[in-house]
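Secondary and tertiary structure notes
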Amino acid sequence: MKARVTVMLKAGVLDVQGEAVRHALGTLGFAGVTGVRQGKVIELDLAETDASAAEDAVKTMCEKLLANTVIESYRVEIL
Amino acid sequence: MKAAVVTFPGSNCDRDLALAFERAGFEVARVWHKDSALPAGTDVVGVPGGFSFGDYLRCGAIAAQSPIAAAVQAHAARGGYVLGICNGFQVLTEMRLLPGALMRNAGLKFACKTVELKVASTASAFTQAYGKNQSIRVPIAHHDGNYTIDADGLKQLQDEDRIALTYVQNPNGSAANIAGVLSQTPPVGGMVPHPERANDPILGGNDGAGLFAGLMGGMALA
């Protein structure tokens, strides 16, 4: 079973790297990009075969390590 | 008084930190990240700067889960002193021993220079050797020193006099110019600038030495 975790900065936390990317896109001539938020995707291979148990386990992993919940939010997809 | 300085893969300034503690009169032990216990009788733990575990995932995130981290948590829970510098500060926020988080510098550039700091609080052992609002010059060297905290958390830090050090000119976008903060309880301090690199006049100044002297004095009284 595979899981995909998407970690993003929380709304309201200034994403300085995303802002730099937005600026660079403007420089390249891509007008109308009004916002860029940069995050990360983490793919996990799991021995677990039960989707619900896998989701619970991955959420615990997010809370303990994969995301810093002070500044980041996360989304878990079981694939 | 006994100090323990932790070394992770990718730490730097750990030897400088050990020397700074020694010069202030501490007996210093060096601790490896795979150790699961601190030396008996450790009074203060120093978590040094650097790029622990290559800054993988997030700065300090992997180090905060290493075997020694549990011992540092237990030391703090007992009321033991912990000082985190630069990457060490990041590790302590990842361990939730200190509030907030350290994000990429607002200018996106690695900031490496000597800066002027203001001692905003002298209420703790960490800064008691300085005068209130005293200006000190200490080097910075970081890519992720942009201290971030929500409005409620910032107000709490201000109300409880837990902002120890601020930048006179903000080099990284840090909230409220914060360069160093204190925990509510037990005594844990974290700072982005490097006091251990300002510990000898022949290396450009010794304004950082007061931090270690203050810790020694404050802990001797405790």
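Below: a short report on this structure.

The rules behind each value
Residues numbered from 1 in each chain as written. Chains lettered and ligands numbered in written order. Predicted model: local features only at pLDDT ≥ 70, side-chain atom pairs only at ≥ 80, totals over all residues. Helix = DSSP H or I, 4+ residues; strand = E, 2+ residues; numbered from the N terminus. Rg over C-alpha atoms; globule rule 2.2 N^0.38 Å. Buried ≥ 20, exposed ≤ 12 C-beta atoms within 10 Å, placed from the backbone. Contact = placed C-beta atoms within 7 Å. Pairing = 2+ DSSP bridges. Axes fitted to C-alpha atoms, helices over the stretch in contact; angles between N-to-C directions. Core = buried A, V, L, I, M, F, W, Y, C linked by C-beta atoms within 7 Å. Nonpolar A, V, L, I, M, F, W, Y, C, P; charged D, E, K, R; others polar.

Counting its secondary structure elements, chain B contains five helices and 11 strands. For 222 residues, the compact-globule estimate of 2.2 N^0.38 gives 17 Å, and the C-alpha radius of gyration of chain B, at 15 Å, lies within 12% of that figure. The principal-axis extent of the C-alpha atoms belonging to chain B is close to 40 × 40 × 35 Å. Burial status across chain B gives 55% buried among its 222 residues.

Scanning chain A from terminus to terminus reveals two helices and three strands. Taken from the N to the C terminus, the helices and strands of chain A come in the order β-α-β-α-β. Taking 12 Å as the expected radius of gyration for a compact globule of 79 residues, we find that chain A reaches 16 Å, considerably beyond that expectation. Overall, chain A is about 45 × 25 × 15 Å in size when its C-alpha atoms are taken along their principal axes. Considering chain A as a whole, with its 79 residues, one finds that 14% of them fall into the buried category. Long-range contacts, defined as pairs at least 24 residues apart, comprise 67% of the intrachain contacts of chain A with a sequence gap of at least 6.

Residue and element names in this part refer to chain A. With antiparallel pairing, three strands are arranged side by side in an open sheet as E2-E1-E3. Each edge of the open sheet carries a strand with a single partner, namely strand E2 (40-45) and strand E3 (72-78). Put simply, the sheet's adjacent strands are angled 20° from each other on average, direction ignored. As judged from the six bridges shared by strand E1 (residues 2-9) and E2, these two strands associate in the antiparallel manner. For lysine 2, the partnering residue across the bridge sits in E2 and is aspartate 45.

It is worth spelling out the nonpolar core at this point. Ranked by internal contacts, the top residues of the largest apolar core, which has 73 residues, are Val5(B), Phe21(B), Val82(B), Leu92(B) and Leu215(B). Looking at this core element by element, the count peaks at five residues for helix H5 (residues 209-221) of chain B. Apart from the residues within four sequence positions on either side, Phe21(B) is in contact with Ala3(B), Val5(B), Phe26(B), Val28(B), Gly46(B) and Phe212(B). Judged by nonpolar contacts, the second largest core, of seven residues, contains Ala54(A), Leu66(A), Ala67(A) and Tyr74(A).

The next point concerns unusual backbone geometry. As a rule of thumb, non-glycine residues mostly have phi less than zero, and peptide bonds are mostly trans rather than cis. All names here are of chain B. One non-glycine residue with positive phi stands out, namely phenylalanine 53, at about 55°. Within the secondary structure, phenylalanine 53 is located in the loop between strand E3 (44-47) and helix H2 (67-77). A positive phi angle, near 55°, is found at aspartate 161, a position not held by glycine. Within the element layout of this structure, aspartate 161 appears in the loop between helix H4 (151-159) and strand E9 (163-167).

The interface of chain A with chain B comprises eight residues on the first partner and 11 residues on the second. Looking at which element gives the most residues to the side of chain A that touches chain B, the answer is helix H1 (residues 16-27) of chain A, with three residues. Here the side of chain A that touches chain B is composed, by residue class, of six nonpolar, two polar and no charged.

So, about the sheet that holds strand E11 (residues 188-191) of chain B. Note on sheets: strands pair through backbone hydrogen bonds, and any given pair is parallel or antiparallel. Residues and elements named next belong to chain B. Taken together, nine strands build an open sheet; the order of strands is E2-E1-E3-E4-E11-E10-E9-E6-E7 and the sheet is mixed. At either margin of the open sheet sits one strand with a lone partner, and together these are strand E2 (27-32) and strand E7 (135-142). When strand polarity is set aside, the average angle formed by the axes of neighbouring strands in this sheet is 20°. Two elements, strand E1 (residues 2-7) and E3, share three bridges in a ladder whose sense is parallel.

On to the pairing of strand E6 (residues 111-119) of chain B, then. Residue and element names in this part refer to chain B. With eight bridges connecting them, E6 and E7 associate as antiparallel partners. Following the sheet pairing, glutamate 116 is matched in E7 by arginine 137. Sheet topology note: the E6/E9 ladder contains three bridges and is antiparallel. Each bridged residue has a counterpart across the sheet, and for leucine 117 the counterpart in E9 is tyrosine 167.

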